[in-house]
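Examination of the molecular architecture
So you can see what is in the structure, the chains are spelled out below.
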Amino acid sequence: MSSNQLDKKSQAWSALFSEPMSELVQRYTASVGFDRRLWRADIAGSLAHAEMLAAQGVIGAEDRAAIERGMAQITQEIEAGTFEWKLALEDVHLNIEARLTQLVGDAGKRLHTGRSRNDQVATDVRLWLRDEIDAIGALLAELQRGLVDCAERHAEVVLPGFTHLQVAQPVSFGHHLLAYVEMFARDAERFADVRRRTNRLPLGAAALAGTSYPLDRERVARTLGMEGVCQNSLDAVSDRDFAIEFSAAAALCMVHVSRFSEELVLWMSQNFGFIDLADRFCTGSSIMPQKKNPDVPELARGKTGRVVGHLMGLLTLMKGQPLAYNKDNQEDKEPLFDSVDTLKDTLRIFGELVGGIVVKPEAMERAARRGYATATDLADYLVRQGLPFRDAHEVVAHVVKTALQRGVDLSELSLAELQVFHPAVREDVFEVLTLRGSLDARRVVGGTAPAQVRAQIARHRARLAG
Ligand code: ARG
């Protein structure tokens with residue numbers, strides 16, 4: 001299409017068409033309203049393509065210079081907000097190309113040699129997503145550092161660990177936080193892995209079959225910092241699996257944030273009272289003056305649904321498409337953009353929020369004691385005195401039953417009282433019945449002993465340094 005033809009696209013695509021597109025169809029098929037955010041990637045891709053075309057002698061050096069000049073001006077216009085995006089020009093690619101041709105004439109018309117919007121859009125989305133993955137990696141590292149700092153401050157604080165949301169065994173609050181550091185570290189690995197497969201070049205695939213021009217695809221890939229070229233033209237223009245993989249990693253990362261959010265909400269409720277959140281992350285109620293609500297974690301939990309939904313949307317978008325490019329693929333952008341925006345906002349806010357967690361150690365310890373969190377330790381003690389574990393388990397069940405009836409903690413029973421249940425109990429039993437004793441005993445790698453927690457913190461700090 002010439003610049004004139006591009007400008008008149010609202011009338012008809014080419015000489016082949018006998019009537020213009022209806023307004024409604026134009027609006028329905030246009031993507032410029034959302035894909036314009038790909039403009040930087042679109043220009044970078046075009047510049048790399050033009051540089052290679054000139055190096056291969058497909059266009060002249062003066063054409064390349066004109067294209068660069070035009071793109072520099074377009075960059076300025078878009079950054080200044082003066083660029084006029086036209087719905088009639090359908091998408092980001094045609095908008096930029098039309099303006100380029102307006103600015104530099106025939107050189108602009110030569111840019112699309114050996115290229116199609118099909119390989120162009122696939123390249124743009126990959127370039128854009130690659131950079132977003134890098135930004136997400138940085139935010140994930142920041143969040144992990146915040147959690148590690150908080151874990152270090154609270155390595156000695158005892159929290160009741162839960163299974164079935166029933167008090168199970170005491171754990172270090174730092175240990176609990178480090179569980180999330182592990183999850184976010186795996187998320188970061190997943191994103192890095194997705195990045196490798198995203199960072200490959202579709203350009204050169206043209207519409208679907210490759211091109212007859214002597215393109216140097218490897219050169220373009222190098223210019224764009226990509227790790228190689230897509231090796232099958234049909235696959236290059238049509239699959240969006242990199243976007244789907246990314247969405248899966250994003251959904252899983254949001255699920256991790258959501259689990260953490262659920263805990264923050266629970267811990268902050270009066271029924272737990274384990275933590276408080278700094279006021280700047282909470283809101284009040286318009287009717288109940290006493291309320292302080294953990295809106296940020298609640299919203300993060302809610303937004304997780306959106307991101308999980310986008311993954312389903314993209315999978316469904318792909319499943320019925322025959323090779324090669326289909327317009328269906330234009331629908332990949334809004335879910336992908338929204339997942340990226342939602343995830344980045346969420347990670348950024350959680351990176352700050354973890355610094356605003358106010359821990360209430362007495363409430364946590366009280367809850368651990370109330371739930372007989374050291375019952376397993378008493379059983380383990382009896383095992384060390386020679387009882388088979390199943391018998392020890394049974395003895396302790398009786399001890400707990402009695403303590404429950406009397407409303408006291410295990411450590412509040414006297415030695416004589418404990419010996420009624422089993423004569424092997426000695427004075428040293430009280431060392432294991434304390435929360436701290438229970439914690440310290442779990443020194444196995446990955447266990448909750450504060451010494452272990454500190455070792456893990458050191459490992460994470462080394463990993464996250466730089
Ligand atoms: N806006 C289109 C997209 O997002 C660009 C590719 C259009 N290609 C075409 N043959 N209509 O997928």
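What comes next is a walk through the structure. This is a predicted model, so every value here is computed, not measured. Residue positions are counted from 1 within each chain, in the order its sequence is given. The predicted nature of this model means local features are confined to residues of pLDDT at least 70 and side-chain atom pairs, given and counted, to a pLDDT of 80 or more, with totals for whole chains, interfaces and linings taken over all residues. Calculated side-chain values reflect all of the structure's heavy atoms, with hydrogen atoms and water omitted.

What to know about the overall build of the protein
Heads up, the rule is: Strands are runs of DSSP state E lasting at least 2 residues, helices are runs of H or I lasting at least 4, and numbering of each runs from the N terminus. Taken over C-alpha atoms, the radius of gyration is set against a globule rule of 2.2 Å times the number of residues to the power 0.38. Accessible area is worked out with a 1.4 Å probe on protein chains only. A residue is then buried under 20% of its type maximum, exposed over 50%, and partly exposed in between. For this analysis, residues touch if any pair of their heavy atoms sits within 4.5 Å. Surface accessibility follows the Shrake-Rupley procedure with a 1.4 Å probe radius. Residue values consider only the protein chains on display as shielding. In this tally, Asp and Glu contribute negative charge and Lys and Arg positive charge; neither His nor the terminal groups of the chain are included. By convention, the point assigned to a charge is CZ for Arg, NZ for Lys, CD for Glu and CG for Asp.
Within the protein, the secondary structure is distributed over 21 helices and four strands. For 466 residues, the compact-globule estimate of 2.2 N^0.38 gives 23 Å, and the protein exceeds it by more than 25% at 31 Å. For the protein, the C-alpha atoms occupy an extent of roughly 100 × 50 × 40 Å along the three principal directions. By the burial criterion, 50% of the 466 residues in the protein qualify as buried. Excluding contacts between residues fewer than 6 apart, the proportion of contacts in the protein whose partners are at least 24 apart in sequence is 74%. By element, 52% of the accessible surface of the protein is carried by carbon and sulfur atoms, the whole surface being about 21700 Å². Considering the protein, the positive charge centre built from 56 side chains and the negative charge centre built from 63 side chains are found 0 Å apart.

Describing the pairing of strand β2 (residues 166–172)
To keep it simple, the criterion reads: Strands qualify as paired when DSSP identifies two bridges or more between them.
In terms of strand pairing, strand β1 (residues 158–163) meets β2 through six bridges, oriented antiparallel. Within β2, the residue paired with V158 across the bridge is S172. Between β1 and β2, which pair antiparallel one after the other, the connecting turn spans two residues, and H164 there sits at a positive phi close to 60°.

A few points about the site of the ligand
This is how it is decided: To be near a molecule or strand, a residue needs just one of its heavy atoms within 4 Å of it. Any pair of nitrogen or oxygen atoms within 3.5 Å is treated as a polar contact; in protein, a donor-acceptor pairing is required on top of that, and neighbouring residues in sequence qualify only through side-chain atoms on both sides. Classification convention: Asp, Glu, Lys, Arg as charged; Ala, Val, Leu, Ile, Met, Phe, Trp, Tyr, Cys, Pro as nonpolar; all other residues, Gly among them, as polar.
The ligand sits among S31, D35, D91, H93, R117, N118, V121, Y325, Q330 and K333. In the model, an oxygen atom of the ligand is placed 2.5 Å from a nitrogen or oxygen of the Y325 side chain. One of the side-chain nitrogen or oxygen atoms of Q330 is found 2.8 Å away from a nitrogen atom of the ligand. Ranked by residue count, the leading element in the shell around the ligand is helix α8 (residues 117–153), at three residues. Residues of the shell around the ligand, tallied by class, amount to two nonpolar, four polar and four charged.

Details of helix α16 (residues 375–384)
Considered for burial, the residues of α16 that qualify are A375, D377, L378, A379, Y381 and L382. At its buried positions, α16 is contacted by α17 (389–406), α19 (429–433) and α20 (435–441). At the exit of α16 stands G386, carrying a positive phi of roughly 110°.

Details of the nonpolar core
Side chains of nonpolar character tend, in soluble globular proteins, to be buried together. Applicable threshold: Here, nonpolar core means buried Ala, Val, Leu, Ile, Met, Phe, Trp, Tyr and Cys residues that are tied together by side-chain atoms lying within 4.5 Å of each other.
Counting residues in hydrophobic clusters, the biggest one holds 102 residues, and the most contacted among them are I96, F191 and F246. Of all the elements, α8 adds the most residues to this core, at 15 residues.

A closer look at a nonpolar patch on the surface
Convention followed: Patch members must show over 30% relative accessible area and no salt bridge, and they are joined within 9 Å when carrying like charges or within 5 Å when they are nonpolar side chains of Val, Leu, Ile, Met, Phe, Trp or Tyr. A pairing counts as a salt bridge when a side-chain nitrogen of Lys or Arg comes within 4 Å of a carboxyl oxygen of Asp or Glu.
Taken together, the side chains of L208, L234 and L323 make up a nonpolar region of the molecular surface, amounting to roughly 270 Å² of accessible area. Assignment of secondary structure puts L323 in the loop between α13 (295–319) and α14 (333–353).

Quick look at helix α12 (residues 241–268)
Our working rule: Here the expected length of a helix is defined as 1.5 Å per residue gap, with one fewer gap than residues.
Compared with an ideal rise of 1.5 Å per residue, which puts 28 residues at 40 Å, α12 spans 40 Å between its outermost C-alpha atoms and is within 8% of the ideal. A large share of α12 lies buried, amounting to 20 of its 28 residues.

Some words on the side chain of E132
Tracing the backbone shows E132 in helix α8. Side-chain polar atoms of E132 contact the side chain of K344, separated by 2.7 Å. E132 has contacts with V340 and K344, leaving out every residue within four places of it along the chain.

Examining the packing of aromatic side chains
Keep this limit in mind: Aromatic pairs are defined between Phe, Tyr and Trp rings, using the six-membered ring for Trp, whenever the two ring centres lie within 6.5 Å; interplanar angles under 30 degrees are classed as stacked, those over 60 as edge-to-face, and all others as tilted. Here, over-ring charges are defined by two tests on the NZ atom of lysine or the CZ atom of arginine: distance to the ring centre within 6 Å, and angle to the ring normal within 35 degrees.
Under the definition given, this model contains eight aromatic pairs. Between the aromatic rings of Y180 and F260, the centroid separation amounts to 4.8 Å while the plane-to-plane angle is 45°, which identifies the pairing as tilted. Linking Y180 in helix α9 (residues 173–198) with F260 in helix α12, this pair joins segments that are 80 residues apart in sequence. The interplanar angle of 55° and the centroid separation of 6.2 Å between the aromatic rings of F260 and F350 together place this pair among those described as tilted. With a gap of 90 residues between them, F260 in helix α12 and F350 in helix α14 connect regions that are remote in the sequence. Take F260: its relative accessible area is 1%, and that puts it in the buried class. By way of ring pairs, the aromatic residues F162, F272 and F274 are connected into one cluster. Sitting over the face of the ring of F337, R37 holds its NZ or CZ atom 4.7 Å from the ring centroid.

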